[in-house]
Amino acid sequence: EVQLVESGGGLVQPGGSLRLSCVGSGFPFEPYATAWFRQAPGKEREGVACISRGDGRTNYEDFVKGRFTISKDDTENTWYLQMNDLKPEDTAVYYCAAGGLLPATLTAHEYDYWGQGTQVTVSS
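Here's what I pulled together on the structure shown here.

What counts, and where the lines are drawn
- For every chain, the first residue of its written sequence is number 1, and the numbers climb from 1 along that sequence.
- Reporting in this predicted model follows two pLDDT cut-offs: at least 70 for local features of residues, and 80 or more for side-chain atom pairs to be given and counted; totals over whole chains, interfaces and linings ignore these cut-offs and use all residues.
- Hydrogen atoms and water are omitted, and side-chain values are computed over all heavy atoms in the structure.
- Put simply, buried Ala, Val, Leu, Ile, Met, Phe, Trp, Tyr and Cys residues joined by side-chain atoms within 4.5 Å make one nonpolar core.
- When accessible area is computed with a 1.4 Å probe and restricted to protein chains, residues below 20% of their type maximum are described as buried, those above 50% as exposed, and intermediate ones as partly exposed.
- Going along the chain from the N terminus, every DSSP run of H or I of four or more residues is numbered as a helix, and every run of E of two or more is numbered as a strand.
- At least two DSSP bridges between two strands are needed for those strands to be called paired.
- Only C-alpha atoms enter the line fits that serve as axes; for helices the fit covers just the stretch in contact. Angles between N-to-C directions range over 0 to 180 degrees.

**Quick word on the nonpolar core**
In terms of nonpolar packing, the biggest core is built from 25 residues, with Trp 36, Val 48, Phe 68, Trp 79, Leu 81, Met 83 and Tyr 94 touching the most fellow members. Elements supplying a minimum of two residues to this core: strand S3 (18-25), strand S5 (46-52), strand S7 (68-73), strand S8 (78-83), strand S9 (92-99) and strand S11 (118-122). If one sorts the elements of this core by residue count, S9 sits on top with four residues. In this structure, Phe 37, Ala 97, Ala 104 and Tyr 111 belong to the second largest nonpolar core, which totals seven residues.

Printed below as a string of structure tokens:
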């Protein structure tokens, strides 16, 4: 019943930009925390950015600070990740996530629902 449908991934040159979108539906309750995670080949899944419903408090992984921006539309249960100045090191499968705990964190086990993943490849 719960679905998180994400889109916006693709192939981009270093220095380019992409905007990822995640649309949630079928939640038994309104999600209070939304986030983006990523997993590169041979690496563990890591938190990228998160945002809390209501106060809009955000948190970012250090490597993406100043380049990525997370935002949300609570009315539409939609959240976004604007990625600027992309680097080859950003190449990964990106997953959106939603959960019922506040504040939003970059800890994966605190999220209940996950998107299917979208590939982001940064290469020249």
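**Re the sheet that holds S7**
Two pairing modes exist for strands in a sheet, parallel and antiparallel, and in both the strands are linked by backbone hydrogen bonds. One open sheet holds the four strands; their spatial order is S1-S3-S8-S7, and the pairing between them is antiparallel. Of all strands in the sheet, those bounded by a partner on one side alone are strand S1 (3-7) and S7. The average undirected angle you get between the axes of adjacent strands in this sheet is 15 degrees. In this structure, S1 lies alongside S3, joined through five bridges in antiparallel fashion. Of the residues in S3, the one forming a bridge with Leu 4 is Gly 24.

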